[in-house]
Amino acid sequence: MATDATKARQRATLERLDKFSRFTDSSIGIPFTKFKIGAEAIIGVVPVLGDVAGLVLASYVLVEAQRAGASKGVKLRMLRNMGIDFLGGLLPVVGDAFDAIYKANTRNTRLLRNYLEKQLEIEPPAPPFPWKTLIWLSVLFAVVTGGLTLLF
């Protein structure tokens, strides 16, 4: 089981990566749709150079995975995602749309999160207290109790 300091460091890493992934993959909403694109899709509009810049940006998640001690298998899957994103982005016209849809940084952040949760036994946050259930059960019990007192 991981120490509290290790867990805190891993949570901080995941928070940074979540912010980074949101910025690069889904920070800009497209009006009148639920779809979002990120800075990487905008940068990718510049032929080849934009795709190389996107690859360099995506390597940040890989570096963080290395620092966090991710397994070789996780890092290889991250490299695969980066390669697919890069090669898909090189396609003329369709590549820009591919960049907007594939979201390699979000995929890689999710891979690292899953790995860390399994390896470091990071507990997910506790679910919120079910206040509505408590209130409705209280009302139900009050009605049943009141009904029973009227019968007897």
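Every value quoted in this text rests on a predicted model; they were computed, and no experiment measured them.

Student: Let's hear about the nonpolar core: which residues, and what values?
Tutor: The biggest cluster of nonpolar side chains holds 16 residues, and the ones touching the most others in it are A70, V74, M78, L112 and L116. Per-element accounting of this core gives the leading share, five residues, to helix α3 (residues 49–68).

Student: Before we move on, can you summarise the packing of helix α1 (residues 4–26) against α3 with the specific residues and values?
Tutor: Where α1 meets α3, the closest approach of the two axes is 11 Å, and the angle between their N-to-C directions is 170 degrees. In this view, α1 runs roughly antiparallel relative to α3, as classed from their interaxial angle. Seen from α1, the contacting residues are Q10, T13, R16, L17 and F20; seen from α3, they are L57, Y60, V61, E64 and A68. Split into classes, the residues belonging to the contact of α1 with α3 amount to six nonpolar, two polar and two charged.

Student: Describe the environment of V143, listing the residues and the values that go with them.
Tutor: Looking at the element boundaries, V143 is found in helix α7 (residues 131–151). Owing to a relative accessible area of 57%, V143 belongs among the exposed residues under this scheme. Separated by 94 residues in sequence, V143 and L49 place their C-alpha atoms 70 Å apart.

Student: Lay out α3 in plain terms, naming residues and giving numbers.
Tutor: The end-to-end C-alpha distance of α3 is 30 Å, a good match for the 28 Å that 20 residues give at a rise of 1.5 Å each. Buried within α3 we find G50, D51, G54, A58, V61, L62, E64, A65 and A68.

Student: I'd love a proper account of the environment of F35, names of residues and values included.
Tutor: If you trace the backbone, F35 turns up in the loop between β1 (28–29) and β2 (36–37). What makes F35 partly exposed here is its relative accessible area of 33%. Distance from F35 to G95, taken between C-alpha atoms, is 17 Å for residues 60 residues apart in sequence. Ignoring anything within four residues of it in the chain, the contact list for F35 reads I28, G29, I30, A100, I101 and K103.

Student: If you had to explain unusual backbone geometry to someone new, which residues and values would you point to?
Tutor: A positive phi angle is found at F32, which is not glycine, with a value near 70 degrees. As for its placement among the helices and strands, F32 is situated in the loop between β1 and β2. Judged by relative accessible area, which is 89%, F32 ranks as exposed. Of note in this structure, K103 is not a glycine but carries a positive phi near 55 degrees.

Student: Lay out the pattern of salt bridges in plain terms, naming residues and giving numbers.
Tutor: Going through the model one piece at a time under the given rule, you end up with three salt bridges. Among the ionic pairs, E64 bridges to R16, the shortest N-O distance being 3.2 Å. In this pair, E64 is assigned in helix α3 and R16 in helix α1, connecting sequence segments 48 residues apart. The salt bridge involving E64 is made with R67; its shortest N-O contact spans 3.2 Å. Taken together, the positions of E64 and R67, both in helix α3 and three residues apart, correspond to about one turn of that helix. You can call R67 exposed: its relative accessible area is 63%.

Definitions and cut-offs
- Residues numbered from 1 in each chain as written.
- Predicted model: local features only at pLDDT ≥ 70, side-chain atom pairs only at ≥ 80, totals over all residues.
- Heavy atoms only, no water.
- Core = buried A, V, L, I, M, F, W, Y, C linked by side-chain atoms within 4.5 Å.
- Buried < 20%, exposed > 50% of the residue type's maximum accessible area, 1.4 Å probe, protein only.
- Helix = DSSP H or I, 4+ residues; strand = E, 2+ residues; numbered from the N terminus.
- Axes fitted to C-alpha atoms, helices over the stretch in contact; angles between N-to-C directions.
- Parallel < 35°, antiparallel > 145°, perpendicular 65-115°, else oblique.
- Contact = heavy atoms within 4.5 Å.
- Nonpolar A, V, L, I, M, F, W, Y, C, P; charged D, E, K, R; others polar.
- Expected span 1.5 Å × (residues − 1).
- Salt bridge = Lys/Arg side-chain N within 4 Å of Asp/Glu carboxyl O.

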